[in-house]
Amino acid sequence: LTVVLVTIIGFVVWHRMPAASFKLAAAMAHVNTNIPTPISGYKIGPITSTQNTVTTTIQSASNSSKKYTVTEQASNQPYASLAASAATGASGNPAQVQTVQDHDKTYVLSQDNNKSTAACTKGTDTVSVETIDLNVAQLLDAAKNACKSS
């Protein structure tokens, strides 16, 4: 009975408390990171992890079909590789790429048809934001929030 109760409580905490869910996912993925701050009008949704990767879905507070994902992956990928990977879109065709320098961070933004991606490095991790629902200013804000160091 105790095991069942602990399991149920753990399941509720995992789904109802984003901070606890995120810390557990980051620990399981072996990624030293912090929960991303959603842009205005959005809230933390499901959080998943795989080996060396934590993915946070951030959903619109008013329209559940609008969302973006923040993926943080343990790596040491240099900015040149970030730009090269952003230059080829999901369709394999060249994407429109823009770099933005803000204080000590460089953000690489790309657009391939309807899909938009922003990437940066945070310490030794690569952070990417993917969406079909944000405009360029919102995408950059989402990337800046995701790429903040603690």
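Report follows, based on the coordinates. (Residues numbered from 1 in each chain as written. Predicted model: local features only at pLDDT ≥ 70, side-chain atom pairs only at ≥ 80, totals over all residues. Heavy atoms only, no water.)

What follows covers the overall build of the protein. Of regular secondary structure, the protein possesses four helices and seven strands. For the protein, the α and β elements follow one another from N to C terminus as α-α-β-β-β-α-β-β-β-β-α. Within the span of the protein, comprising 150 residues, buried residues form 37% of the whole. (Helix = DSSP H or I, 4+ residues; strand = E, 2+ residues; numbered from the N terminus. Buried < 20%, exposed > 50% of the residue type's maximum accessible area, 1.4 Å probe, protein only.)

Turning next to the pattern of salt bridges. The full count for this structure, using the stated rule, is two salt bridges. The salt bridge partner of Lys144 is Asp102, with a shortest N-O separation of 3.5 Å. Remark: Asp102 occurs in strand S4 (residues 96–102) and Lys144 occurs in helix H4 (residues 136–146); sequence separation between them is 42 residues. Judged by its relative accessible area of 24%, Lys144 is partly exposed. Close ionic contact of Lys115 with Glu130 constitutes a salt bridge, the shortest N to O distance being 3.7 Å. Placement of the pair is Lys115 in strand S6 (residues 115–122) and Glu130 in strand S7 (residues 125–131), with a sequence separation of 15 residues. (Salt bridge = Lys/Arg side-chain N within 4 Å of Asp/Glu carboxyl O.)

Turning our eyes to something else, we now look at empty space enclosed by the protein. Tallied over the full model, the rule gives one cavity of 30 Å³ or more. Size it by volume and the largest cavity reaches roughly 50 Å³. Taken together, Phe22, Thr33, Asn34, Pro36, Val54, Thr56, Val70, Thr71, Glu72, Lys122 and Ala146 make up the full set of residues lining the largest cavity. Those elements that place two or more of their residues in the lining of the largest cavity are strand S2 (53–60) and strand S3 (67–74). Element by element, the count of residues in the lining of the largest cavity is highest for S3, at three residues. Its residues assigned to classes, the lining of the largest cavity comprises five nonpolar, four polar and two charged. (1 Å grid on protein atoms, 1.4 Å probe; cavity = no way out; pocket = protein on both sides within 12 Å on 5 of 7 lines; lining within 4 Å. Points joined across faces, edges and corners; volume = space filled by probe spheres on them. Nonpolar A, V, L, I, M, F, W, Y, C, P; charged D, E, K, R; others polar.)

What follows deals with the state of the cysteines. This model, assessed by the stated rule, comprises one disulfide. With its sulfur 1.7 Å from that of its partner, Cys120 forms a disulfide with Cys147. The S-S bond linking Cys120 to Cys147 shows a torsion near -110°; that makes this disulfide left-handed. Taken together, the residues span a long stretch of sequence, with Cys120 in strand S6 and Cys147 in the segment after H4 at a distance of 27 residues. Side by side, Cys120 and Cys147 carry an identical accessibility label, which is buried. (Disulfide = S-S within 2.5 Å.)

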